[in-house]
Amino acid sequence: MRLLLIAFCLGVWLLQQQSGLPDLRWLWLLPLLLAVLWLPARSRPLAEFFRRLGVALVCVALGFAWVAWRADARLAERLPQHWQGVDVELVGVVGDLPHANARGERFVFDVEQVLTANAPVLGRVQLTRYWPRDAVNFDARMRAGERWRLTVRMKMPYGTSNPHGFDLEAWMLERRINASGYVRETPAPQRLAPRAHTPGAWIAAARAAVRDRIFAALGDAPHAGVIAALVVGDQRSIPHDQWRAFTRTGVNHLLSISGLHVTMIAALAGWLVAGVWRRLPRHAERLPARQAGLVAAVLAAFGYALLAGFQVPAQRTLFMLTVLALAFWGRREPRPFTALIVALFAVLLIDPWAVSSAGFWLSFGAMAVILWVTFGRVALPDKLRGWATVQGAVTLALAPVLFLLFQQISLISPLANAVAIPVVSWLVTPLALLGVLFAPLWHAAAWLMDWLGVALAWAANLPLAVMTLPAPSWWATALALGGTAWMLLPRGFPLRSLGLVLWLPLLFPPGDAIRPSHFRVEAIDVGQGTAVVIRTANHALLYDTGASFADSDSGERIVVPFLRATGVGALSGLIISHDDNDHSGGMRSVLRDVPTGWLLHGLPAASPLLDGTPPAHRCARGQRWNWDGVRFEILNPGPAAHADHNRRDNDHSCVLRVSSARHSLLLTGDGERRTELELLESGQLAPVTVLFAGHHGSRTSSIPEFVAATRPAWVVYTLGYRNRYGHPHSRVAARFREIKARALRSDAGGMIRFDFGEAGVKASQYRPTHRRYWQTEFLDHD
């Protein structure tokens, strides 16, 4: 049975790797085939083996078909293309904890009724309500569990697309979010009821009430957000700097709802109820105290999982506890590995898209490792040594997965967890949960977290706190996992240390070498903004860093992970074209996380972005250098441009030309008509191979004379999906079509790569070549 459940889960995973959904008309054949294979075997063991293999393959097919059917139904609920950007009136319930930032608040809206005629029926959407200008006096905040009538504008799920980057569309599919958009203030939103009478609304309102009580009790305590995360699973309440410190020290799994916390609450509830039950003879005669404790433990785990938002670690622990409780109830020997497999099956049966999340693999992987090094061992170590063994085993076994998913691991994680696990699990979490009944205990929990937070912040800033590697291949990850399993075998197995040999492909990955006089250009998909990596044989240059947001920036979310995954451990130089958020917003994060040699910029002299930077100089015409046989030149602005106070910020853009013997690239930032005329007058322009359209294809740039002078073979537009500026402008696109330039768009193709070599220039796009079935097909809305 365990093999069949694993086969079903394998089929679930296999479907998530597909670029399209299969034809569902053939699914009715699977039960018939399973019935045939399940017939009792009447011949030799070889036939029995093939029969069992056939049943396992059918279970793979059943898992595959189960998700295909679920996915087809869920994708049918998405907002249709032609309803994007159209006002739609909805009635529904705020179904989750709203998250506020400097610009507004974001929340999930469970739609109950669509009032707009002929509009599609939507189940759940994610909305943002932007603060009005008089937000100080704005009291119409959204609260979980409330019923509202809203007029909204929405678009289909669509996100940036980069190698090893976050997949927003998969995240929205798992959470059954069918569209995203914003609330219109005309007509004004109406609160129809302070509390909707639905189970989901009651749970959401209860979580919100507890969170509000926590913040009211703790005020501006530094770690109030951590207490809220431990009690109600609201990780977004944790400030960004604290979460970064928790991640770098490897304790972030503790500062959210983890399986350890659910198990602890279940054990405590079971122990208390069993103890009380033994003192009630009449009740104990009807139901033994042990079984009463099991019921209490499962109910407590279920209640805590609901309060915490029913996340994957909580689901996994709840299902495992349920299986073990049933085994104890029936007086059978509990089998932890069987419980883990059943929990895996149950999670994927309910939520097959969980397999696409990092938390799924880390949660089940950690539990599997713990069982691997503890269950069934003959010689059991003392408690302290056993605990240290488990910590070391989990750290070692999850390292290949962490390198694959995030390209980094915390080297100080074992030591940090040695302190954090007892403090958070045995002290902070119980105090935080008991604070629901007696609020002063929240102050004690927050005080302990303040002490721990200081220590973790210090540790997170150590130079060797984190180890990074380029993203490994799947086979290198598999070999390292196999080597880890071999090293963690019980004592007595021969040559366990040779498992380290299987780590070598992961620790020393083959490099993607660039030959001298060649160069590679990668336009990272940062949405509406620009971030371009230019690499030669021994150097890397980053041109712009994308935008900053209310609570983060493209540098930290997209650019730095991309550089880490592609093996760019340091930048020889960084160019910030000019003082505009969608070009300079991620600069601080890049400089903080990636060693950088120097900075060229088009920023004002008094810009706060220049505080604490590496050696910095303003871009000026005539600057040039040579890396590995590749020429770099700054063509604009001219020497007197920075003294011209009437010059627009966009025309301060650093114009960069990169060229080899036969091919060239031109980046003009947001340079407008004035910049392009200056380039024409300077006599520096010549036909180029690849041109990044100025100002993302705005009508203020790419004037006819400039297009005629550069005559690119490719033109690249770096822009966001359905951006509010209407980039690229239809006239600009028409000019490039007239000269037969091939157009590539980051909103359609994701990350765009050009390899410049002696044989020519090779262009590729990430999104079309790595498509998954849930990704929206791009249609130019112009």
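All of the points below concern the structure found in this document. (Residues numbered from 1 in each chain as written. Predicted model: local features only at pLDDT ≥ 70, side-chain atom pairs only at ≥ 80, totals over all residues. Heavy atoms only, no water.)

1. Describing the overall build of the protein
Then, in step 1: Of the regular secondary structure elements, the protein holds 26 helices and 24 strands.
Then, in step 2: Relative to the 2.2 N^0.38 estimate, which gives 28 Å for 782 residues, the radius of gyration of the protein is 29 Å and therefore close to what a compact globule would have.
Then, in step 3: With the C-alpha coordinates aligned to their principal axes, the bounding extent of the protein is approximately 100 × 65 × 60 Å.
Then, in step 4: In the protein, the proportion of contacts linking residues at least 24 apart, taken out of those at least 6 apart, comes to 69%.
Then, in step 5: If you sum the accessible surface of the protein, you get close to 37100 Å²; carbon and sulfur atoms cover 62% of it.
Then, in step 6: The averaged location of the 56 negative side-chain charges in the protein is 9 Å from the averaged location of its 77 positive side-chain charges. (Helix = DSSP H or I, 4+ residues; strand = E, 2+ residues; numbered from the N terminus. Rg over C-alpha atoms; globule rule 2.2 N^0.38 Å. Contact = heavy atoms within 4.5 Å. Areas by Shrake-Rupley, 256 points an atom, 1.4 Å probe, with all protein chains shown as cover. Lys, Arg positive; Asp, Glu negative; His and termini not counted. Charge placed at Lys NZ, Arg CZ, Asp CG, Glu CD.)

2. Overview of the pattern of salt bridges
Oppositely charged side chains are able to pair whenever their charged atoms sit close together.
Then, in step 1: Counted by the stated rule, this structure contains 27 salt bridges.
Then, in step 2: Across the salt bridge formed by R129 and E185, the nearest N and O atoms sit 2.9 Å from each other. A residue pair is termed long-range when its members are at least 10 positions apart, and R129 in strand 4 (residues 124–130) and E185 in the loop between strand 6 (180–184) and strand 7 (190–193) qualify at 56 residues.
Then, in step 3: In this structure E185 comes out as partly exposed when scored by relative accessible area, which is 34%.
Then, in step 4: Between R674 and E678 there is a salt bridge whose closest N-O contact spans 3.5 Å. Highlighted residues: R674 and E678, both in helix 22 (residues 673–682), separated by four residues, approximately one helical turn.
Then, in step 5: One salt-bridge network, in which partners are shared between bridges, spans R244, E556, R592 and D593. (Salt bridge = Lys/Arg side-chain N within 4 Å of Asp/Glu carboxyl O. Buried < 20%, exposed > 50% of the residue type's maximum accessible area, 1.4 Å probe, protein only.)

3. What about the pairing of strand 11 (residues 532–535)?
Then, in step 1: Burial along strand 11 is two-sided: the face carrying V532 and I534 and the face carrying V533 and R535 are both buried.
Then, in step 2: Bridge analysis of strand 10 (residues 519–523) against strand 11 gives four bridges, and the strand direction is antiparallel. Each residue of the ladder has a partner; that of E522, found in strand 11, is V533.
Then, in step 3: With four bridges joining them, strand 11 and strand 12 (residues 540–543) adopt antiparallel strand pairing. Within strand 12, the residue paired with R535 across the bridge is A540.
Then, in step 4: Following strand 11, the chain reverses through four residues before pairing antiparallel with strand 12. (Pairing = 2+ DSSP bridges.)

4. Focus: helix 12 (residues 336–350)
Then, in step 1: With 15 residues, helix 12 should reach 21 Å at 1.5 Å per residue; the first-to-last C-alpha distance of 21 Å fits that figure.
Then, in step 2: Looking only at helix 12, the buried set comprises P336, A339, L340, I341, A343, L344, A346, V347 and L348. (Expected span 1.5 Å × (residues − 1).)

5. Some words on the pairing of strand 21 (residues 714–717)
Then, in step 1: Side chains of strand 21 alternate between two faces, with W714 and V716 and V715 and Y717 buried alike.
Then, in step 2: Sheet analysis places strand 20 (residues 690–692) next to strand 21, joined by three bridges and oriented parallel. Bridged to F692 within strand 21 is V716.
Then, in step 3: Once you follow strand 20 into helix 23 (residues 704–710) and on to strand 21, the crossover reads as right-handed.
Then, in step 4: Relative to strand 22 (residues 742–745), strand 21 runs parallel, the two sharing four bridges. Within the sheet, the bridge partner assigned to W714 lies in strand 22 and is R742. (Right-handed = clockwise from strand over helix to strand, strands pointing away.)

6. Looking at the environment of F345
Then, in step 1: By the element assignment, F345 lies in helix 12.
Then, in step 2: Residues F345 and L10, 335 residues apart in the sequence, show an inter-C-alpha distance of 10.0 Å.
Then, in step 3: Leave out the neighbours within four places in its chain, and F345 touches L5, F8 and C9.

7. Examining the sheet that holds strand 14 (residues 596–601)
Then, in step 1: A sheet is described by the order of its strands in space; here eight strands give the open sequence 15-14-13-12-11-10-23-24, paired in mixed fashion. With partners counted over all chains shown, the strands left at the sheet margins are strand 15 (616–618) and strand 24 (760–765), one partner each. This sheet shows a mean twist of 15° between the axes of neighbouring strands, independent of strand direction.
Then, in step 2: Taken together, the five bridges between strand 13 (residues 571–576) and strand 14 define a ladder with parallel strand orientation. If you follow L571 over to strand 14, its bridge partner there is T596. (Axes fitted to C-alpha atoms, helices over the stretch in contact; angles between N-to-C directions.)

8. Quick notes on the packing of aromatic side chains
Think of a pair of aromatic rings as described by two things: how far the centres are apart, and how the planes are tilted against each other in angle.
Then, in step 1: This model, assessed by the stated rule, comprises 17 aromatic pairs.
Then, in step 2: Between Y130 and Y182 the ring centres are 6.4 Å apart and the planes differ by 50°, which places this aromatic pair in the tilted class. Here Y130 is found in strand 4, whereas its partner Y182 is found in strand 6, with 52 residues between them in sequence.
Then, in step 3: One aromatic cluster is present, built from ring pairs that chain together F519, W714, F754 and F756.
Then, in step 4: The ring centre of W202 lies 4.8 Å from the NZ or CZ of R195, which sits over that ring. (Phe/Tyr/Trp six-rings, centres within 6.5 Å; stacked < 30°, edge-to-face > 60°. Lys NZ or Arg CZ within 6 Å of the ring centre and 35° of its normal.)

9. Notes on the side chain of Q16
Then, in step 1: Assignment of secondary structure puts Q16 in the loop between helix 1 (2–15) and helix 2 (29–37).
Then, in step 2: Taking relative accessible area as the criterion, Q16 reaches 1% and is therefore assigned buried.
Then, in step 3: Here P352 takes part through its backbone oxygen, which lies 3.2 Å from a polar atom of the side chain of Q16.
Then, in step 4: When residues no more than four places from it in sequence are discounted, the contact partners of Q16 are V67, P352, W353, V355, S356, R772, Y773 and W774. (Polar contact = N/O pair within 3.5 Å; in protein donor to acceptor, adjacent residues only side chain to side chain.)

10. Quick word on the sheet that holds strand 20
Then, in step 1: The seven strands are arranged 16-17-18-19-20-21-22 in an open sheet whose pairing can be described as mixed. Only two strands of the sheet have a single partner each, and these edge strands are strand 16 (624–627) and strand 22. Pairwise comparison of adjacent strand axes, ignoring direction, gives a mean angle of 20° for this sheet.
Then, in step 2: In terms of strand pairing, strand 16 meets strand 17 (residues 630–636) through four bridges, oriented antiparallel. The partner of W627 across the bridge, within strand 17, is V630.

11. Quick word on the side chain of S413
Then, in step 1: Within the element layout of this structure, S413 appears in helix 15 (residues 413–434).
Then, in step 2: A relative accessible area of 10% places S413 in the buried class.
Then, in step 3: In this structure, S413 is in contact with T249 and G250, ignoring residues within four places of it in sequence.

12. Here we look at the environment of A56
Then, in step 1: Relative to the helices and strands, A56 is located in helix 3 (residues 45–75).
Then, in step 2: Discounting residues that sit within four places of it in the chain, A56 has contacts with L4 and A7.

13. As for a nonpolar patch on the surface
Then, in step 1: Residues W486, F493, L495, L498, V501, L504 and F508 make up a contiguous nonpolar surface patch of roughly 720 Å² in combined accessible area.
Then, in step 2: Structurally, the position occupied by L498 is in the loop between helix 17 (474–487) and helix 18 (504–507). (Patch = residues over 30% accessible without salt bridge, like charges linked within 9 Å, V, L, I, M, F, W, Y side chains within 5 Å.)

14. Points about the packing of helix 5 (residues 199–218) against helix 6 (residues 224–232)
Then, in step 1: Orientation of helix 5 relative to helix 6, taken along the N-to-C sense of each, is 155°, at an axis distance of 10 Å. Considering their axes alone, helix 5 and helix 6 lie roughly antiparallel with respect to each other. Between helix 5 and helix 6 the crossing geometry is right-handed. For the pair formed by helix 5 and helix 6, the contact residues are R207, V210, R211, I214, F215 and L218 on the first element and A224, G225, I227, A228, V231 and V232 on the second.
Then, in step 2: Its residues assigned to classes, the contact of helix 5 with helix 6 comprises nine nonpolar, one polar and two charged. (Parallel < 35°, antiparallel > 145°, perpendicular 65-115°, else oblique. Left-handed = near helix turned anticlockwise from the far one by under 90°. Nonpolar A, V, L, I, M, F, W, Y, C, P; charged D, E, K, R; others polar.)

Purely geometric stuff here, so don't read any function into it on its own.
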